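Listed here are the chains, written in short residue letters.
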Amino acid sequence: MTFPGVKALENVDFTLKKGEIRALMGENGAGKSTLIKCLTGVNKFEAGEIHLEGFDHPIVNKDTMDAQKKGISTVYQEVNLCPNLSVAENLYIGREPLTKLGTVNRKVMNRQAAALMKQLELDIDVTRNLEEYSLALQQMIAIARAVDMDCKVLILDEPTSSLDDREVEKLFTMMRSLKEKGVGIIFVTHFLEQVYAVCDGITVLRNGQLVGEYEIADLPRVKLVAAMMGKDFDDLASIKPESTGDKRKEPMVIEARGISHAGTIKPFDLDIHKGEVIGLTGLLGSGRSELARAIYGADRAQTGTLKVKGKEVKIKNPIDAMQLGMGLLPDDRKAEGIIGDLSVRENIILAMQAKQGIMKKIPMAKQCEIADKYIDLLQIKCASRETLIKQLSGGNQQKVILARWLATNPDFLILDEPTRGIDIGTKTEIQKLVLQLADEGKSLIFISSEIEEMLRTCNRMAVLRDGQKVGEIDERDMNQMNVMKAIAGGDK
Amino acid sequence: MKKKKINSNNLLLLITIVLFFVMYAAGCAVYADKGFTRLQTFLNILINNAGLICVTAGMTCVMLTGGIDISVGSLIAMDCMILAVGIEQWGWSSPVLMFLILAIGIVFGIMQGFCIAYLDIQPFIVTMAGMFFARGMTAVICKEQVSIVSDKIFTMLSSFKISLPFGGYINKKGIMQYPYLRVTVVVALIVVLAIYLMLKYTRFGRSLYAVGGNQQSATLMGLDVKKTKMKAYILSSFLTSIGGICYCLNTMAGTTTQATGLEMDAISSAVIGGTLLTGGVGNVIGSLFGVLINGTISTLVKTNGKLISSWSNIVTAVLLCFFIVLQSVFALVKERKK
Amino acid sequence: MMSSIKKLTQKRLFLPIFSMILVMLINVVYDIAMGGAPLGFFMISIKNGVLYGRLIDILNRGSEIAILAIGMTLVVSASGGTDISVGSVMSLYAGVCCLILAGYGNVNVQQYAHPLLAGIGVGLLVTLICGIFNGFLVAYMNIQPMVATLILWSAGRAIGLLLCNSQIVYVRVPSFQKLGGYCSIIPTPIIVAAVCVAIAAVILHFTALGTYIQSVGINKRASRIAGFNSAKIILMCYAICGLCAGLAGMVATSRIYSADTNNIGLNMELDAILSVALGGNSLGGGKFSLAGSIIGAYTIQAITTTLYALGVSSAQAPVFKAIVVIIIVVIQAEPAKAFFKKLTKKSGKEAARA
């Protein structure tokens, strides 16, 4: 199907066998959610057909309720149930058993709900409110609702992101018992270990197209990572970066020890020297952004110590980090980057203004000067500096946010996916800019899913997997193969 | 493993009920000599607030969906004026007028509900317009005060006393005075019972809770959120019209300034009764107690005689503040537990 | 032709200016129909040594709404919510101020019990504290604005009444009356409102407050990453709104040189909210135009004055206000906008950009 200007999915085939647990994987923008939405009737697709067991003709789902009735149910990461209702009510809302008078038969409803819980081996009091139970149990109750509605296909969209190991095991047990009953499960996730623990097959999407449908046995980890990143495994010739000199001799700018943030990143250590460019690599969801955010204070670090230029500091809010000379270009520019209704000029000077404080307004003449400088430097295509940023293309919006941080003249800059959605020409410009900034003595963290550009710009790389920093790759060892292996982990 | 169901929502309701009994007991203790302990005092609270009880029941339903309806006071004023003018100037009989008022209530609710549910406009703004409209129309129908004297049925309904066969006292003349209720109280209590049953035992009632609890989830679970919301506002205006009839039976007149601020009494009663303004949590029994607390405060202030009536507004505002902050604290605790 | 009309309607100040012109047109038509001078609406003369005329009347009586609109604009812009307590806070100011000026227990005085500045100063301080109270609940306790301001909505007026013992307290001192009277030929309220608007404009121009407020209102998360402290900004806006309510109360009290706590500021919060909406500002927060709100405020007053001139009583006027409100918000509503978009076919390029 197509969104305006962009083909979100093109010619994707997807097969799910009865009683099979299949993982659906892909990096950002691969088209996973779009595919799910097409299957469940949220989006209408233009070409292709859906064939479902029990139906002679290809099916068309009008909306989620329609899909549910046909047997396709989805359980989302944010548990779409009502916390203020009881477990039994959540299971039966919209289809409660009625008495002869037409009122809700609470006794029968509770009885049926209790039976369902027993069937799925969950020890839950169905009369208590949903919010009294942990997120893991809430998810299982959501699955129970889907199962009770006779689902043939159960889609689990990133169900394990907020669960601990014990809860993940419970979920897998339930998935396996559903598999026994013949339910086909689509498991959308980015956790490699979990995929290899419970799935029978993997389907990989990339940039809206099907990369391949594999059986677990045929796809070792490294090959999976290669498929997701669009590399041919045999093509991983060593692309060695140019040596940029040993920066370890320079003074330390950032010294992080044991920094962590509950639920997103486990405790990590990281050293960054002056003039260094550190790459954070790993699959999406491995904790790259979270690590950077924990340092910057966007998510307040809950443990550990941070030293900036040798002095121990406590960063409670982004402004603290900014006053220390830091900056963060977030990966989700729509939610955390652009101030949509403000102009290009206002967006560019925003962080600079925040640093100066409310009383010292940057004079209009200077604002225009700065805006023009960066529009020129980064070749931002806009009708004028007063154009509203929301009217620019994604790539140009990204450039404006980059300009915002460059304008604050930071000593340490975190760039989270800075080249995503930008044309090739500008990508190269940004990479050159990164190297230039490093030459000027600035330190950078560069987060990207594209290994080549990191190899070209970084001195060192830190590898993350499943919410944890698992290792570092030195300059000498930096090549595509090693990086892939480090990301994939486990056995080859 | 059946543990007792004490969660934060039940706790709020419990606090409200206990608060009522404490206040009333305090009143009995302090003002026993002024006749506070008589059963009639309690019954008077019910009589004077019968209309408010009906309105608050409707307000509870709307607040459950996460919305609000500030047009209720003005709607009551308009209803009273229609009744008064209808009886005195148009010569219509009261049953016909009562039917007309209920119909107007439904139409009013449909219009407000449509704008809020289908046009996605903020409830405060839409019902504010409704409030302006109704208040203005009251004056358009008639600018002066009109007292109702000409309708036998209406007058009879208003003055009819349902005597209770117990709890009487002997007055100064030596005659046994039994406490009494009015017809409006019976109506109000029936409304409360009906709404309680509706909320607990019908699919519509449960869907109100679902929509307020998490609108997105409700949609994904297949509920027609828009229809549910619109029905809530229709119900609110309908119950307000019933309340308007009760109110008019009490005041026996139509004026342009009647029931000013009644909407805030209803909202504060509902909040004190444990209904969350964010939606999804609420109990019409709690709202009833909220009205009783409001009524007790006014009675206490009046019985005292030395305090001016604004004191009851102040105490209510303080209680309101207390409950709003309490609700917010409970919400923060819940967030942290996650 | 169509595209230039569309360009015009998309200008920030289109709605308020269009509404104002519309109201003036209605007046002109009415004057002609009544057989009077066609431009009688615009006539300004000097009677009894002061400026006189319908325009002057609108500017005079609209002062309170204009002052309230300043604070309300900031609150709506930063938090996407409304402060419904401003009318009651005006009444509270009246109670505090006249209590101090008249002395405790007096209802009719010819001279001050305490200095004029003390009365006004304490009154404004109290209203500022009310604003801070509201701001704290909204910014730090995450309570919805309408809910948080509900408390002072009910308490403000009640406390004001209490302070004056339910009586109307008259302060018949010439210097007090002057604030509501005339400064040479110009009614003082106009000057007070003009000064307030000027101060607000200066602050917005010379500090980054406007940028801060808009940024927080449009995208709280992005603002935080860029270094703003959203909570502090929201608190500041509510505090300013409280102060504006006090200043409006000052004008209203001086006008009648008494504290009629029952009626002062009654329903004025609704006029203030309407001004902001009529000024072209979104009630969901974000970008704002102070000029728009001020024009909106005087337009609301013009509507009220026009209605009275047309013979509509003050009790019946709300009906028309209701119609105006509904028209504005329905036009601004997303589903309605989508409906109109479908009617006027758009080019494919614009659809792709959306």
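All values reported here derive from a predicted model rather than from experimental measurement.

Conventions and cut-offs
- Residues numbered from 1 in each chain as written.
- Chains lettered and ligands numbered in written order.
- Predicted model: local features only at pLDDT ≥ 70, side-chain atom pairs only at ≥ 80, totals over all residues.
- Domains from an automatic or database assignment.
- Contact = placed C-beta atoms within 7 Å.
- Nonpolar A, V, L, I, M, F, W, Y, C, P; charged D, E, K, R; others polar.
- Helix = DSSP H or I, 4+ residues; strand = E, 2+ residues; numbered from the N terminus.
- Core = buried A, V, L, I, M, F, W, Y, C linked by C-beta atoms within 7 Å.
- Buried ≥ 20, exposed ≤ 12 C-beta atoms within 10 Å, placed from the backbone.
- Pairing = 2+ DSSP bridges.
- Axes fitted to C-alpha atoms, helices over the stretch in contact; angles between N-to-C directions.

Draft legend 1. Main features of the domain arrangement of chain A. Residues and elements named next belong to chain A. Looking at the assigned domains, one finds that chain A contains domain 1 (2–84 + 129–219) and domain 2 (247–488). On a C-alpha basis, the centroid separation for the pair domain 1 and domain 2 is 33 Å. Between domain 1 and domain 2, the contact holds seven residues from the first and eight residues from the second. Split by residue class, the side of domain 1 that touches domain 2 holds two nonpolar, three polar and two charged.

Draft legend 2. How the structure looks around the environment of B:L277. Along the polypeptide, B:L277 turns up in the loop between α12 (262–272) and α13 (284–304). C-alpha of B:L277 to C-alpha of B:V333: the two residues are 56 residues apart in sequence and 17 Å apart in space. Once residues within four sequence positions are removed from consideration, B:L277 is found in contact with B:M63, B:V271, C:Q144 and C:V147.

Draft legend 3. Representation of the nonpolar core within the structure. By size, the foremost hydrophobic cluster in this structure holds 358 residues, and its most contacted members are C:L68 and C:C237. Broken down by element, this core gets its largest block of residues, 17 residues, from helix α12 (residues 230–255) of chain C. Both domains that furnish three or more residues to this core are identified here as domain 1 (2–84 + 129–219) and domain 2 (247–488) of chain A. Once residues lying within four places of it in the same chain are set aside, the contact partners of C:L68 are C:V86, C:C244, C:A245, C:A248, C:M268 and C:A272.

Draft legend 4. Here's a closer look at the sheet that holds strand β17 (residues 460–465) of chain A. Residue and element names in this part refer to chain A. Strand order in the open sheet formed by six strands is β14-β15-β16-β11-β17-β18, with mixed pairing between adjacent strands. Looking along the sheet, the strands with just one partner apiece sit at the ends: β14 (326–329) and β18 (468–473). Averaged over all pairs of adjacent strands, the angle between their axes in this sheet comes to 20 degrees, without regard to strand direction. Sheet topology places strand β15 (residues 412–416) next to strand β16 (residues 443–447); five bridges connect them, and they run parallel. Looking at the pairing, F412 lines up with S443 of β16.

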